[in-house]
Amino acid sequence: MERIGSRRVYEGRVIDVRVDEFRYDDGETAEREIAEHPGAVGIVAHDGERIYLVRQPREAVAEAALLEVPAGKLDVEGESPLECAQRELVEEIGMRASAWTEIKRFYTSPGFAEEEVTLFVATGLDEVADHRPDPHERIEVVQWPLADLDGAIDACADAKSLIALLLFRGLRG
């Protein structure tokens, strides 16, 4: 297929929307609305005894305290997914990690959005002494027992977190 046209129809703070026209190999054409998103990261951060999760309000789904892995948007110019994950881990839970492993990249909803999420496992955690959480983010840090990983999976309703935790469980054997 070939993109033969594109026009932006909405510019927002989180996403932009464009309408693209495509021509397929058989000559047919179609228009598709596409949500532009720079991508995101998710982090399974653990110290061998606990997984560090967050609870935060997610207004779009009317959840006052959705349980998630620490995560964030690639919204700093030129920042790699790993650099974004390192920054977000400090911002969200006040920790740095000495070891990082990328475990998966996936599209969140390729039928209409170009967002790609990169998942990491972070270990060798140390608290950041001068960490000052953003008071507007309303994030509660949750230290979940690693021995109850299945409980964390059961408590999650967020897709990136479920994918991250299920993949992590598979890696642990």
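Residue numbers restart at each chain and count upward from 1, following the sequence in its written direction. The predicted origin of the model limits local features to residues at a pLDDT of at least 70 and limits the giving and counting of side-chain atom pairs to 80 or more, whereas totals for whole chains, interfaces and linings rest on all residues. Excluding hydrogens and water, the side-chain figures rest on all heavy atoms present in the structure.

A. Spatial organisation of the overall build of the protein. Counting its regular elements, the protein contains 3 helices and 10 strands. Secondary structure of the protein in N-to-C order comes out as β-β-β-β-β-β-β-α-β-β-β-α-α. Its C-alpha atoms put the protein at 55 × 35 × 30 Å along the principal axes. Counting across all 173 residues of the protein, residues that qualify as buried make up 41%. Each accessible area is a Shrake-Rupley result for a 1.4 Å probe, and residues are judged covered by the shown protein chains and nothing else. Carbon and sulfur atoms provide 46% of the accessible area of the protein, an area that totals close to 10300 Å². Runs of E in the DSSP output that reach at least two residues are strands. Runs of H or I that reach at least four are helices, and both are numbered from the N terminus. Whether a residue is buried, partly exposed or exposed follows from its accessible area with a 1.4 Å probe, protein chains only, as a fraction of its type maximum: under 20%, in between, or over 50%, in that order.

B. Looking closely at the pairing of strand E2 (residues 16-23). Most of E2 is tucked away: 6 of the 8 residues are buried. Two strands qualify as a pair provided DSSP detects at least 2 bridges between them. Sheet topology note: the strand E1 (residues 2-11)/E2 ladder contains 8 bridges and is antiparallel. Residue pairing across strands places Arg8 opposite Arg18, the latter belonging to E2. In this antiparallel pair of consecutive strands, E1 and E2, the connection spans 4 residues. Alignment of E2 against strand E3 (residues 29-36), held across 8 bridges, turns out to be antiparallel. Within E3, the residue paired with Asp16 across the bridge is Glu36. Where E2 hands over to E3, the hairpin turn is made up of 5 residues, of which Gly27 adopts a positive phi near 95°.

C. A look at helix H3 (residues 159-172). When the terminal C-alpha atoms of H3 are compared, their 20 Å separation across 14 residues agrees well with the 20 Å that a helix rising 1.5 Å per residue should span. Inspection of H3 places Lys160, Ser161, Ala164, Leu165 and Phe168 among the buried residues, and these make up the whole buried set. Each buried residue of H3 lies within a common arc of 120° when the element is viewed along its axis, so the set occupies one face. A positive phi of about 85° marks Gly173, the residue just after H3. In this analysis, the expected span of each helix is defined as 1.5 Å times one less than the number of residues it contains. Within this analysis, the arc is defined by the directions that extend from the helix axis to the C-beta atoms.

D. Examining the packing of aromatic side chains more closely. Each Phe, Tyr or Trp ring, with Trp reduced to its six-membered ring, pairs with another whose centre is within 6.5 Å; inter-plane angles below 30 degrees give stacked pairs, above 60 give edge-to-face pairs, and intermediate values give tilted ones. If you walk through the whole model with that rule in mind, you get 1 aromatic pair. Where Trp100 meets Phe120, the ring centres are 6.0 Å apart and the plane angle is 85°; that geometry is what we call edge-to-face. On the criterion of sequence distance, the pair formed by Trp100 in strand E8 (residues 95-107) and Phe120 in strand E9 (residues 116-127) is long-range, its members being 20 residues apart. By relative accessible area, Phe120 is classed as buried at 3%.

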